[in-house]
Amino acid sequence: LGAAAALLVAVLVWRLRRGKPGRASAPADTEAEYRKLVEQGEFERAADLLVERQQVARALPLYERAGAKPKLARALLLAKQPARAARVYSELGRHAEAAHHFQSAGLWREAGEALLLTGEEREAAELFERAGDLERAAQLHRRLGDAESASRLFARAGLGVAAAETLLESRGRTPRW
């Protein structure tokens, strides 16, 4: 394998010295192709070409301009921008994916909102609690029938009356105040 690799390198060097285009001229060709696609208004294809060349940052505005939101979201993930990708997934109505990427970006409240849209209230409540929105988490636990958790969260949020009401209602009693 080592001899074959050395031979390949030698052939490429020889071609370059003789002026014959080998792989070394390919980037210039793809750059010309990219410019031609942009001039023709084919922004999505131009962006695809850039992503193939691992120039994701240059591809992002082209995907935006082309309106290619699914490809934009994937490119944003490649560019390590999960929060922006999550927002794009939300716009596409892909809320479960949006929640996942909001979580990876540390945006717990936004992840909880996205999960609410998918109907996953228990997981959303946990995310709201993690985000510090204790009242919202408590309301979700109350709606899910988990009075103990709801009461505990209301108390931590400084809403003692709501905590007491929740416990009384769960035991079939009506608050007298």
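Residues numbered from 1 in each chain as written. Predicted model: local features only at pLDDT ≥ 70, side-chain atom pairs only at ≥ 80, totals over all residues. Heavy atoms only, no water.

1. What to know about the overall build of the protein
Check the secondary structure of the protein and you find twelve helices and zero strands. Counting every position in the protein, which comprises 177 residues, the buried fraction comes to 28%. Partitioning the contacts of the protein with sequence separation of at least 6, the portion at a separation of at least 24 is 11%. A total of about 11100 Å² of accessible surface is found on the protein, and carbon and sulfur atoms cover 52% of it. (Helix = DSSP H or I, 4+ residues; strand = E, 2+ residues; numbered from the N terminus. Buried < 20%, exposed > 50% of the residue type's maximum accessible area, 1.4 Å probe, protein only. Contact = heavy atoms within 4.5 Å. Areas by Shrake-Rupley, 256 points an atom, 1.4 Å probe, with all protein chains shown as cover.)

2. As for the nonpolar core
In this structure, Tyr34, Leu60, Leu62, Tyr63, Leu72 and Leu76 are the most contacted members of the largest nonpolar core, which totals 39 residues. In contact with Leu76, other than residues within four places in its own chain, are Leu60, Gln81, Arg84, Ala85 and Val88. (Core = buried A, V, L, I, M, F, W, Y, C linked by side-chain atoms within 4.5 Å.)

3. Here we look at the packing of aromatic side chains
If you walk through the whole model with that rule in mind, you get zero aromatic pairs. Positioned over the ring face of Tyr34 is Arg58, at 4.7 Å from the centre of the ring. Over the ring of Trp108 we find Arg130; its NZ or CZ atom is 3.9 Å from the centre of that ring. (Phe/Tyr/Trp six-rings, centres within 6.5 Å; stacked < 30°, edge-to-face > 60°. Lys NZ or Arg CZ within 6 Å of the ring centre and 35° of its normal.)

4. Remarks on the packing of helix α4 (residues 56-66) against helix α5 (residues 69-78)
Close contact between α4 and α5 brings their axes to 9 Å; oriented N to C, the two are set at 160 degrees. One way to sum up the angle between α4 and α5 is to call them roughly antiparallel. Crossing angle aside, the handedness with which α4 passes α5 is left-handed. Taken together, the residues of α5 that come into contact with α4 (itself represented by Val56, Leu60, Tyr63 and Glu64) are Lys71, Leu72, Ala75, Leu76 and Leu78. Residues belonging to the contact of α4 with α5 are distributed by class as follows: seven nonpolar, no polar and two charged. (Axes fitted to C-alpha atoms, helices over the stretch in contact; angles between N-to-C directions. Parallel < 35°, antiparallel > 145°, perpendicular 65-115°, else oblique. Left-handed = near helix turned anticlockwise from the far one by under 90°. Nonpolar A, V, L, I, M, F, W, Y, C, P; charged D, E, K, R; others polar.)

5. Some thoughts on the pattern of salt bridges
Summed over the entire model, instances satisfying the criterion amount to 16 salt bridges. Residue Arg58 pairs with Glu31 through a salt bridge whose shortest N-O separation is 3.3 Å. Separated by 27 residues along the polypeptide, Arg58 in helix α4 and Glu31 in helix α2 (residues 26-39) bring together distant segments of the chain. Residue class for Glu31 comes out buried when judged on its relative accessible area of 15%. Linking Arg45 and Glu42 is a salt bridge whose minimum nitrogen-to-oxygen distance equals 2.5 Å. A cluster of three or more residues bridged by salt bridges with shared partners is formed by Glu31, Arg35, Arg53 and Arg58. (Salt bridge = Lys/Arg side-chain N within 4 Å of Asp/Glu carboxyl O.)

6. Focus: the environment of Leu168
Relative to the helices and strands, Leu168 is located in helix α12 (residues 160-170). Taking relative accessible area as the criterion, Leu168 reaches 23% and is therefore assigned partly exposed. Put simply, Leu168 and Ser151 are 17 residues apart on the chain and 9.9 Å apart in space, counted from C-alpha to C-alpha.

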